[in-house]
Amino acid sequence: MENLLILKGNIIFTQTPEEFKVYKDSYIVSNKGKIEGIYNILPEKYQNCLIKDYRNRLIIPTFVDLHLHASQFIQCGMGMNKKLLDWLNDYTFKLEKDFSKAQFAQEAYNSFADELIKRGTLRACIFATSSTIGTEILFEILKKRGIGAYIGKVDMDRNAPESIIESKDQLIKGTKYLIEKYKNEKLVKPIITPRFAPTCSDELLKELGSLANKYDLPVQSHLDENLDEIKWVQSLFPKTKNYSQAYYLNDLFGQTKTVMAHCIYLNEDEINLVRENNVMLVHCPDSNINLRSGIMPVRKYLDLGVPIGLGSDIAGGHRIALNESMVRAVQLSKILNINSPGIKPLSIQEVFYLGTKSGGKFFGNTGSFEKGYSMDALIIEDDKLISGRYSIEDRLEKFIYTGDDRNICARYVEGKYIEI
Ligand code: GUN
Ligand code: FE
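Residues numbered from 1 in each chain as written. Chains lettered and ligands numbered in written order. Predicted model: local features only at pLDDT ≥ 70, side-chain atom pairs only at ≥ 80, totals over all residues. Heavy atoms only, no water.

### Examining the pairing of strand 1 (residues 4–16)
At step 1: Among the 13 residues of strand 1, 11 are classified as buried, and the element is accordingly described as predominantly covered.
At step 2: Taken together, the 10 bridges between strand 1 and strand 2 (residues 19–31) define a ladder with antiparallel strand orientation. The residue of strand 2 that forms the bridge with I6 is V29.
At step 3: A loop of 2 residues connects strand 1 with strand 2, the two strands running antiparallel in sequence.
At step 4: Summarising the sheet, strand 1 and strand 4 (residues 51–61) pair through 5 bridges and their orientation is parallel. Looking at the pairing, K8 lines up with D53 of strand 4. (Buried < 20%, exposed > 50% of the residue type's maximum accessible area, 1.4 Å probe, protein only. Helix = DSSP H or I, 4+ residues; strand = E, 2+ residues; numbered from the N terminus. Pairing = 2+ DSSP bridges.)

Following this line, the structure appears as structure tokens:
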């Protein structure tokens, strides 16, 4: 029975985007990290087990951030008057070069990990930098902390400063080294990460696609984020019909599990390619606003059944807490709705679903509390004035809108308590 974990409290999650599932004063039981069930009255067989009684607190799934840059964390909230390509050149690339220095990488990644975990994101798809040493340091830090993450060495062989690009052969060597070292890890795993098509030669993309196929590894990148970027891709890949094809033709677009950030300007051909290849899209609302990139047509994609998750896109986005991205996704959708009343705004249930169960699918059965799902949970404590007066749904909405790490009093991944 030592593999059992039983938590008691007000359990709330989204099995579907339409509604919250709520179990007041109930028990959630997991065995070896997987959920066995939720019970209002604890079954006989568990009666003698230890119960963590969280009383009137909320028990919710942990957040899943499908797109962020660990290396950019200390840069949050800087250069925010710039658009994507200038922001990369004037701020981001200069910072990323320093992650080849082990001591700096150690300090900066520790500070990133502290904040990510504090704020309740315990599954994430992460860009490190092009430095193999720096990326290895990030793997080690997150492995020690016990959270789930896909971590990518950021591959680029052109159109960025010399200090952060490597030759194709160097890149493949470093990427392979990290794959071999971490491919059998349970929680921190490698992901093939071409930064974006403009900083990757066709030959590099081809080799990265072969690596993804050979090791059956997932892929992450950026796509259709900014209009100047899209024009640039057209000029760099003149024979390619659209931006998505630059990845697709190199086996980096759904041939293995793939997640693409932004996707604001997908044309109809690209939407079809996304759907045919089951590519997951990531909505990064803060980043879209800060860099004035545009607004992802989330409702249109959802209506077409395209899978979408949420991303903070640190440091295009300035806040690492994913509940803040949920709020911004609702707010952006309301702006669209004000201008075009036919476009229904996103509901709180929908954005919670995007940031938990929908994004969680990229990691397998995570992000929900259904049977067989990973026991990844946050315990939320709110003020007595609130908890004594409002419904569980209202209390969760308030936490999403106004809460922070002061309200998160415990965290679990696969049934294990996570220290902060
Ligand atoms: N496109 C290429 N690199 C980046 C990055 O670091 N951040 C964002 N938001 N977009 C990118
Ligand atoms: Fe990004």
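### Some remarks on the coordination of the iron ion (ligand 2)
At step 1: Coordination of the iron ion (ligand 2) by the protein is provided by H67 (NE2), H69 (NE2), H222 (NE2) and D313 (OD), with metal-donor distances spanning 2.1 to 2.3 Å.
At step 2: One can describe the donor arrangement at the iron ion (ligand 2) as irregular, given that its 4 donor atoms subtend angles of 88 to 171° at the metal.
At step 3: As a motif over one chain, the donors of the iron ion (ligand 2) read H-x1-H-x152-H-x90-D. (Donors = N, O, S within 2.8 Å, 3.2 Å for Na, K, Ca; no water. Tetrahedral: all angles 85-135°; square planar, octahedral: opposite > 155°, others 65-115°.)

### Some points on the site of ligand 1
At step 1: Close contacts around ligand 1 come from H69, Q72, L84, W87, L88, R195, F196, H222, E225, H262, S287 and D313, and that covers them all.
At step 2: In the environment of ligand 1, an oxygen atom lies 2.9 Å from a nitrogen or oxygen atom belonging to the side chain of Q72.
At step 3: D313 places a polar side-chain atom, nitrogen or oxygen, 2.7 Å from a nitrogen atom of ligand 1.
At step 4: Within the complex, 100% of the 280 Å² of free accessible area of ligand 1 lies under protein.
At step 5: Of the residues forming the shell around ligand 1, the biggest block, 3 residues, is contributed by helix 1 (residues 84–96).
At step 6: When its residues are assigned to classes, the shell around ligand 1 shows 4 nonpolar, 5 polar and 3 charged. (Near = heavy atom within 4 Å. Polar contact = N/O pair within 3.5 Å; in protein donor to acceptor, adjacent residues only side chain to side chain. Areas by Shrake-Rupley, 256 points an atom, 1.4 Å probe, with all protein chains shown as cover. Nonpolar A, V, L, I, M, F, W, Y, C, P; charged D, E, K, R; others polar.)

### Side note on the nonpolar core
At step 1: Residues I60, L142 and L281 are the most contacted members of the largest nonpolar core, which totals 105 residues.
At step 2: Examining the composition of this core, we find that 7 residues originate from one element, helix 2 (residues 102–118), more than from any other.
At step 3: The residues contacting L142, other than those within four sequence positions of it, are A113, I126, I147, A149, I151 and V188. (Core = buried A, V, L, I, M, F, W, Y, C linked by side-chain atoms within 4.5 Å. Contact = heavy atoms within 4.5 Å.)

### Examining the packing of helix 4 (residues 168–182) against helix 5 (residues 202–215)
At step 1: Viewed as axis vectors pointing N to C, helix 4 and helix 5 meet at an angle of 20°, and their least axial separation amounts to 10 Å. In terms of their interaxial angle, helix 4 and helix 5 are classed as roughly parallel. Read as a crossing pair, helix 4 and helix 5 show a hand that is right-handed. Only E203, L204, E207, L208, L211, K214 and Y215 of helix 5 make contact with helix 4, whose side of the interface consists of K168, L171, I172, T175, K176, I179 and E180. (Axes fitted to C-alpha atoms, helices over the stretch in contact; angles between N-to-C directions. Parallel < 35°, antiparallel > 145°, perpendicular 65-115°, else oblique. Left-handed = near helix turned anticlockwise from the far one by under 90°.)

### A short note on the sheet that holds strand 5 (residues 63–69)
At step 1: Strand order in the open sheet formed by 4 strands is 5-6-7-8, and the pairing between neighbours is parallel. On the outer flanks of this sheet lie strand 5 and strand 8 (188–190), each paired with one strand and no other. Between one strand axis and the next, the sheet turns by 20° as a mean value, whatever way the strands run.
At step 2: In the sheet, strand 6 (residues 121–127) pairs with strand 7 (residues 148–152) via 5 bridges, with the strands oriented parallel. Within the sheet, the bridge partner assigned to R123 lies in strand 7 and is G148.
At step 3: Sheet strands touched by helix 2: strand 5 and strand 6. Its angle to strand 6, the strand with the most contacts, is close to 140°.

### Details of helix 1
At step 1: Its 13 residues give helix 1 an end-to-end C-alpha distance of only 15 Å, which falls more than 12% under 18 Å, the value for a rise of 1.5 Å per residue.
At step 2: The sharpest bend along helix 1 comes to roughly 35°, located at D90.
At step 3: For helix 1, the full list of buried residues reads L84, W87, L88, T92, F93, L95 and E96.
At step 4: Buried residues in helix 1 make contact with helix 2 and helix 6 (227–236). (Expected span 1.5 Å × (residues − 1). Bend = angle between axes of the 7 residues up to and from the residue.)

### Re the pattern of salt bridges
At step 1: This model, assessed by the stated rule, comprises 29 salt bridges.
At step 2: K82 serves as the salt-bridge partner of D90, at 3.0 Å between the closest nitrogen and oxygen.
At step 3: Judged by its relative accessible area of 32%, D90 is partly exposed.
At step 4: You can call K82 partly exposed: its relative accessible area is 23%.
At step 5: Its salt-bridge partner being R119, residue E115 comes within 3.1 Å of it at the nearest N-O pair.
At step 6: Residue E115 is classed as buried on the basis of its relative accessible area, which comes to 17%.
At step 7: One salt-bridge network, held together by shared partners, links K34, R123, K186, D376 and E414. (Salt bridge = Lys/Arg side-chain N within 4 Å of Asp/Glu carboxyl O.)

### Quick look at the sheet that holds strand 3 (residues 34–39)
At step 1: On the basis of which strands lie adjacent, the open sheet formed by 7 strands has the order 3-2-1-4-13-14-15 and mixed pairing. The sheet is open, and its two edges are formed by strand 3 and strand 15 (416–417), each paired on a single side.
At step 2: Packing of helix 14 (residues 392–402) onto the sheet brings it into contact with strand 1, strand 2, strand 4, strand 13 (377–380) and strand 14 (408–413), and relative to strand 4 it is tilted by some 65°.

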